Amino acid sequence: MAGTTQTRTRPPALPPEAPARGGLAARVSLGRVFAPVPSEFLLIASTALLLTGFGLVMVLSATTATATAAGQPPYEAVIKQAVFAVIGIPLMFIASRLPIAFWKRIAWPSLIGATAFQMLVFVPGLGVEANGNRNWVQIAGLQFQPAEFLKITLALWIGYVLFRKRTLLGLWRHVFIPLVPVSVLVIATVMAGHDMGTAMILAIVVLGALFFSGVKLRIFILPLIAAGFGAFLFAVNSPDRMRRILSFLNPNCLDDYFNDCYQPLHGIWGLANGGVFGLGLGNSKEKYDWLPAAANDYIFAIVGEELGLIGCAVVLALFALFAIGAFHVIRKTDDPFVRIVSGGITMWIVGQALINIGVVLRLFPVLGVPLPFMSQGGTSLLSVLLASGVLLSFARSLPAKTGARELRAPTAARVPRAKISG
């Protein structure tokens, strides 16, 4: 009887254990949400945020003078830029929470959608032409540059295609098809709008993704030669591009001061005026309508004039830290898709920054590419923030550190002892 009573009284003791399991599950779920992130995540996220904030300050400084002189609201340009920053930064962190499988699934649809969006620039009433380039779309009073989204979608698509063919990359036909025809078609939609600068960045994305895919060097060299030959053909077939290249090669640019040398000279003069410590934030002289595109392609010249060599060094250091975090993701990952896409995005952002700075320093001819994160242009800012979100998503997938395994070891060790004691 006593034994029977004991067996009947034991079951009621089970229900109180159920909330304990639920509480443990809740704690485990919250632990995953607030788990420490890799150092690469912090490095990429912090540099992206700092460069974006730095860019907003410089856009404000570069646009207030000309806007006031034209009778426009002095803060209109920076407010528009800030709106895209407010949209892009949350999207960056939302993208950082998405799994790698999501980026693989949207590789094809995103490239098709971005290419269709780019084709809108040729639709009468929607496409906008400026300075000989037709690469903008105006919808509901807002102006976008669809080619900026081609950069991130092309990197995702190339990563997915080469990931699916990773065991066949030793054969040139599997590397070239469908990668080369599709990439040429995408770049051709940009070149049709006469935007050689953006087309060059897209070519860098393709070459960067190919390089980090691990294809043989002889296979990689062929697209590299083709890209160089294509750039040469497009340059010689355009009188405007040839004029800018010849102006860049002119050792005495002052002879052509009022023509193609006007913008490069004022960019160099802006940097020279800043010296080591700069003239002070807001004290630029070139921004008073002397330097064309001061808030866009030549924002680095305004940084050098107002903040001097120190300000320029800070910008370069931030991009260097961004590159270090991205290259650590490439080096540590075990997923070929992550490595290829990260390589394409990194070469895009870092390469475009170096090209922009090289143009301001007159190391390259004027190409019309913005400085990532910092130049005025909402579409450009939104695209690089989304690309940073993809890198952050990849950073979360890196193999766990040794310290994390050490934390799990005691838990595993306690289970056998509990069974023995029972």
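These numbers come from a predicted model, not from an experiment.

Undergrad: Go over the packing of helix H7 (residues 147–164) against helix H10 (residues 196–213) with me, naming the residues and quoting the values.
TA: One way to put it is that H7 packs onto H10 with a least axis distance of 10 Å and a crossing angle of 20°. Relative to H10, the element H7 is oriented roughly parallel. Read as a crossing pair, H7 and H10 show a hand that is right-handed. The residues of H10 that touch H7, namely those facing Ala 147, Leu 150, Lys 151, Leu 154, Ala 155, Ile 158 and Leu 162, are Thr 198, Ile 201, Leu 202, Val 205, Val 206, Ala 209, Leu 210 and Ser 213. Class assignment for the residues of the contact of H7 with H10 results in 12 nonpolar, two polar and one charged.

Undergrad: Requested: an account of the pairing of strand E2 (residues 133–139), with residues and values cited.
TA: Where strand E1 (residues 127–130) meets E2, four bridges bridge the pair, whose relative direction is antiparallel. Of the residues in E2, the one forming a bridge with Gly 127 is Val 137. The sheet contact formed by E2 and strand E3 (residues 142–144) spans three bridges and is antiparallel. What sits directly across from Val 137, in E3, is Phe 144. Hairpin geometry of E2 and E3 is characterised by an intervening segment of two residues between the two adjacent antiparallel strands and by a positive phi of about 55° at Ala 140.

Undergrad: Give me empty space enclosed by the protein: which residues, what numbers.
TA: Under the criterion given, the structure shown has two cavities of 30 Å³ or more. One number sums up the size of the largest cavity: a volume of about 60 Å³. As for the largest cavity, its lining consists of Arg 244, Ser 247, Phe 248, Asp 260, Pro 264, Arg 362, Phe 364, Pro 365 and Val 366. In the lining of the largest cavity, the residues fall into five nonpolar, one polar and three charged. Of the pockets and cavities examined, the second largest cavity occupies roughly 30 Å³. Looking at the second largest cavity, the residues that line it are Asp 297, Tyr 298, Asn 356, Val 359, Val 366, Leu 367, Gly 368 and Val 369. Among the residues making up the lining of the second largest cavity, the classes are represented as five nonpolar, two polar and one charged.

Undergrad: Residues and numbers for the confidence of the model for the chain, please.
TA: Do not read the fine detail of predicted coordinates wherever pLDDT is low. Residues at a pLDDT of 70 or more form 86% of the chain, whose mean pLDDT is 85. The low-confidence segment residues 14–22, where pLDDT is below 50, has zero contacts with residues more than four positions distant or belonging to other chains. Note that pLDDT drops below 50 for residues 402–422; the model gives that stretch one contact with residues more than four away or on any other chain.

Undergrad: Break down helix H4 (residues 76–96) for me, with residues and values.
TA: Under the 1.5 Å per step criterion, the end-to-end length of H4 is 31 Å for 21 residues, consistent within 8% with the ideal 30 Å. Close packing links the buried residues of H4 with helix H3 (39–69), helix H5 (100–105), E3 and helix H16 (378–396).

Undergrad: Which residues make up the pattern of salt bridges, and what values go with them?
TA: Tallied over the entire structure, the rule returns six salt bridges. One salt bridge connects Lys 80 with Glu 76, and the closest N-O pair in it is separated by 3.5 Å. Of this pair, Lys 80 and Glu 76 both sit in helix H4, four residues apart, which is roughly one turn of that helix. As a salt-bridge pair, Arg 134 and Glu 129 come within 3.9 Å of each other at their nearest N and O atoms.

Undergrad: Pulling in residues and values, what's your account of the nonpolar core?
TA: Core analysis: the biggest nonpolar cluster contains 102 residues, and Phe 373 and Met 374 have the highest contact counts within it. Here Phe 373 is in contact with Ala 48, Leu 51, Thr 52, Gly 55, Phe 319, Phe 322, Ile 349, Leu 381, Val 384, Leu 385 and Ser 388, once residues within four sequence places are set aside.

Undergrad: Describe the sheet that holds E2, naming the residues involved and giving the relevant values.
TA: Across the sheet, three strands lie side by side as E1-E2-E3; this open sheet has antiparallel pairing. A single partner strand is all that each edge strand has here, and the edge strands are E1 and E3. For this sheet, the mean angle separating the axes of adjacent strands, direction not counted, is 40°.

Undergrad: So what's going on with the layout of surface pockets? Which residues, and what values?
TA: The calculated volume of the largest pocket comes to roughly 1600 Å³. Lining the largest pocket are 49 residues, and of these Asn 131, Trp 136, Gln 145, Asn 296 and Asp 297 lie nearest its centre. Broken down by element, the residue count for the lining of the largest pocket peaks at six residues, all from H4. Tallied by class, residues from the lining of the largest pocket come to 19 nonpolar, 22 polar and eight charged.

Undergrad: Residue-level account of the state of the cysteines, with values.
TA: Following the criterion strictly, the structure yields one disulfide and no others. Note that Cys 253 is cross-linked by a disulfide to Cys 261, the S-S spacing being 1.5 Å. One disulfide, between Cys 253 and Cys 261, carries an S-S torsion of -105° and so falls in the left-handed class. On the basis of relative accessibility, which here comes to 5%, the residue Cys 253 falls in the buried class.

Calculation criteria
Residues numbered from 1 in each chain as written. Predicted model: local features only at pLDDT ≥ 70, side-chain atom pairs only at ≥ 80, totals over all residues. Heavy atoms only, no water. Axes fitted to C-alpha atoms, helices over the stretch in contact; angles between N-to-C directions. Helix = DSSP H or I, 4+ residues; strand = E, 2+ residues; numbered from the N terminus. Parallel < 35°, antiparallel > 145°, perpendicular 65-115°, else oblique. Left-handed = near helix turned anticlockwise from the far one by under 90°. Contact = heavy atoms within 4.5 Å. Nonpolar A, V, L, I, M, F, W, Y, C, P; charged D, E, K, R; others polar. Pairing = 2+ DSSP bridges. 1 Å grid on protein atoms, 1.4 Å probe; cavity = no way out; pocket = protein on both sides within 12 Å on 5 of 7 lines; lining within 4 Å. Points joined across faces, edges and corners; volume = space filled by probe spheres on them. pLDDT = per-residue confidence, 0-100. Expected span 1.5 Å × (residues − 1). Salt bridge = Lys/Arg side-chain N within 4 Å of Asp/Glu carboxyl O. Core = buried A, V, L, I, M, F, W, Y, C linked by side-chain atoms within 4.5 Å. Buried < 20%, exposed > 50% of the residue type's maximum accessible area, 1.4 Å probe, protein only. Disulfide = S-S within 2.5 Å.

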